[in-house]
Amino acid sequence: MTGPARRPSRFPRPAYRLPRFPRPGLRTTLALAFAAIAALVAVVIGTLGYHAAAQLIWDDETADFGAAVDSVGRQVQREVLFPGDFAGPSGLSADLVRPIRVTTQSLDPDGAVLPGTARLDLPPVPADQELARTDQPGRTSIGLRHQRGEGYRVGVVSLGGRRGAVQIIQQVGPTEALLTTLRTRTVALVAVVAVLAGAAGRLLAGRITGRLVRLTAAAELVATSGRLDVQVPAAGTDEVGRLGRAFDRMLVRLAAAKENQRRLVQDAGHELRTPLTSLRTNLAVLPSLDRLPPAEQAALMSDLADEARELTQLVEELVALAADRRADGRPTGVVLADVVREAAAQARRRSGRQIVVDADATVVTARPDALARAVGNLLDNAAKFDPDGTGPIEVVVRGPRVEVRDRGPGIDAADLDRVFDRFYRATAARSLPGSGLGLAIVHEVARSHGGTAFAANREGGGAVIGFTLGS
């Protein structure tokens, strides 16, 4: 009687998964690869060498044995010999076979070992007895035989006339022992070569990957800690050295970008504080606006509009300065004069000033929107510092160089080196509207195009401010 069938489980058993072992490091991998290649080469060379040596030894032994058998065969064909002629230390076998390390036994006409000639306990076989009883001298039989686990190479030569035969015997045991020793030493040599190759491979891999390991450690430290002042190994002229120097330069640029970002945030916070404070003050007065005289109401509303306009301009310039340069599009070939004339037309509409453009037909590879912003900022700056309009604003384009000239009060000598700094405003300009970012944007555009921004005082009064573009 069988029990109830088992219902399948609602929760299937998870399939067994083999444990995943961590992958070895680059140094260990290279060491193992060197050891494996060296071991493979040693095995191939050792195997080929062993087989070649073994074949040479066997061929040499076989040739010597065959020569001994042939010598005995020729001897019995030249003269009538008897089994007893091969007996004793002075017998024929002493001169014929001693040099090649073989032994002889004589067989009587019945095929039995002749007493006094037995050297080895190797009984004759029926074929030996047949050769002992044959009438033809010099008939030969050669083959391998085994007795009690020992191997023998045996050659039997008939004496003819039914007088018996002679056995020429060579033990193959010494040869096999020699080949066994050779095989053992070959295997030991292969093992030693593999171990030495592994040690040499680990040492060599350590020298090869040492700088790469240190570079990896530096990169991991940067990733985990966020530090950008990590010491990076940058020695050498190979790919690892080039990678280290590139990584070091990248960290330097990241550190500079981080510092610029920090300064931008700090400066922006400082500059935004003034218009926001003024806005809050004026907004606090708005609930009592109806109780103010009409003149004060108009002044309050004008202040609010001016502060809002200043704040809007500051935010726009901050966004333009902090935005990725790729936002202005990809560099393309443009006629610099066309960009300048379009920017000058916009500046005329905004300021109502006379702007004269003197430009050649230079074609540059640049981002048109960025160039237009830089030229527009230069023209706005010239119009702001020359509000009386004592002379036209001049724009001169010669090659990749753009100059904006005005007849304003010029730039104080102490301010010439700082006019392109972010949020820097000269003492004479602090009463004028502006954020101190216009010329900083000009400097950034020139730098991003491989050029520089410059500022100088003009002979006869005024200033010359502009930029150059790289080739």
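Described below are features of the structure shown in this document. These figures come from a predicted structure and were not determined experimentally.

Per the secondary structure count, the protein chain includes 9 helices and 11 strands. Taking all 471 residues of the protein chain together, 36% fall into the buried category. By element, 57% of the accessible surface of the protein chain is carried by carbon and sulfur atoms, the whole surface being about 28,700 Å².

Turning to the environment of Gly151, a few remarks are in order. By the secondary structure assignment, Gly151 is in strand 3 (residues 150-158). On the basis of relative accessibility, which here comes to 7%, the residue Gly151 falls in the buried class. Sequence separation between Gly151 and Gly173 is 22 residues; the distance between their C-alpha atoms is 6.2 Å. In this view, Gly151 contacts Arg145, His146, Gln170, Gln171, Val172 and Gly173; residues no more than four positions away in its chain are not counted.

With that settled, consider helix 9 (residues 438-448). Burial analysis of helix 9 places 8 of its 11 residues in the buried class, the great majority of the element. Every buried residue of helix 9 is listed here: Gly438, Leu439, Ala440, Ile441, Val442, Val445, Ala446 and Ser448. Gly450 sits one or two residues past helix 9 and shows a positive phi near 80°.

Turning to the sheet that holds strand 3, a few remarks are in order. For sheets, the rule is that strands pair by backbone hydrogen bonds, running either parallel or antiparallel. Strand order in the open sheet made by the 4 strands is 1-4-3-2, with antiparallel pairing throughout. Here the strands that pair on one side only, and so sit at the sheet edges, are strand 1 (103-107) and strand 2 (140-147). Along the sheet, successive strands turn relative to each other by an average axial angle of 25°, direction set aside. Two elements, strand 1 and strand 4 (residues 165-171), share 5 bridges in a ladder whose sense is antiparallel. What sits directly across from Thr104, in strand 4, is Ile168.

Across all of its chains, the model carries 7 salt bridges by this definition. Residue Arg447 pairs with Glu444 through a salt bridge whose shortest N-O separation is 2.6 Å. With Arg447 and Glu444 both in helix 9 and 3 residues apart, this pair spans about one turn of that helix. Residue classification places Glu444 among the partly exposed positions, given a relative accessible area of 23%. Several salt bridges share partner residues, and in doing so they unite Arg401, Glu403 and Arg405 into one network.

For helix 4 (residues 173-225), spanning 53 residues, the distance from its first C-alpha to its last is 73 Å, which sits close to the expected 78 Å at 1.5 Å a residue. When the local axis directions of helix 4 are compared, the greatest deviation, roughly 50°, occurs at Thr209. Positive phi shows up at Gly226, right after helix 4, with a value of about 75°.

Among the nonpolar cores identified, the biggest contains 38 residues, and Leu336, Leu371, Leu379, Val395 and Phe467 are the most heavily contacted of them. It is helix 8 (residues 368-385) that provides the largest number of residues to this core, a total of 8 residues. Apart from residues no more than four positions distant in its own chain, Phe467 is found in contact with Leu371, Ala374, Val375, Leu378, Pro400, Arg401, Val402, Val442, Ala446, Thr452, Ala453 and Phe454. Judged by nonpolar contacts, the second largest core, of 11 residues, contains Val72, Val76, Phe86 and Val157.

Our next topic: the packing of helix 8 against helix 9. Where helix 8 meets helix 9, the axes come as close as 9 Å, and the angle between the chain directions of the two elements is 145°. Crossing of helix 8 over helix 9 shows left-handed handedness. Contacts from Ala370, Leu371, Arg373, Ala374, Asn377, Leu378 and Asn381 in helix 8 reach Gly438, Leu439, Ile441, Val442 and Val445 in helix 9. Residues of the contact of helix 8 with helix 9, tallied by class, amount to 8 nonpolar, 3 polar and 1 charged.

The 5 strands lie next to each other as 6-8-9-11-10, forming an open sheet whose pairing is mixed. Since the sheet does not close on itself, it has two edges, and those belong to strand 6 (355-359) and strand 10 (453-457), each with one partner. For this sheet the average axis-to-axis angle between neighbouring strands, irrespective of direction, equals 15°. The sheet contact formed by strand 10 and strand 11 (residues 463-468) spans 5 bridges and is antiparallel. Opposite Ala456, over in strand 11, you have Val464 as the bridge partner. This element, helix 8, spans strand 6, strand 8 (393-398), strand 9 (401-405) and strand 11 of the sheet and lies at about 175° to strand 11.

The rules we used
- Residues numbered from 1 in each chain as written.
- Predicted model: local features only at pLDDT ≥ 70, side-chain atom pairs only at ≥ 80, totals over all residues.
- Heavy atoms only, no water.
- Helix = DSSP H or I, 4+ residues; strand = E, 2+ residues; numbered from the N terminus.
- Buried < 20%, exposed > 50% of the residue type's maximum accessible area, 1.4 Å probe, protein only.
- Areas by Shrake-Rupley, 256 points an atom, 1.4 Å probe, with all protein chains shown as cover.
- Contact = heavy atoms within 4.5 Å.
- Pairing = 2+ DSSP bridges.
- Axes fitted to C-alpha atoms, helices over the stretch in contact; angles between N-to-C directions.
- Salt bridge = Lys/Arg side-chain N within 4 Å of Asp/Glu carboxyl O.
- Expected span 1.5 Å × (residues − 1).
- Bend = angle between axes of the 7 residues up to and from the residue.
- Core = buried A, V, L, I, M, F, W, Y, C linked by side-chain atoms within 4.5 Å.
- Left-handed = near helix turned anticlockwise from the far one by under 90°.
- Nonpolar A, V, L, I, M, F, W, Y, C, P; charged D, E, K, R; others polar.

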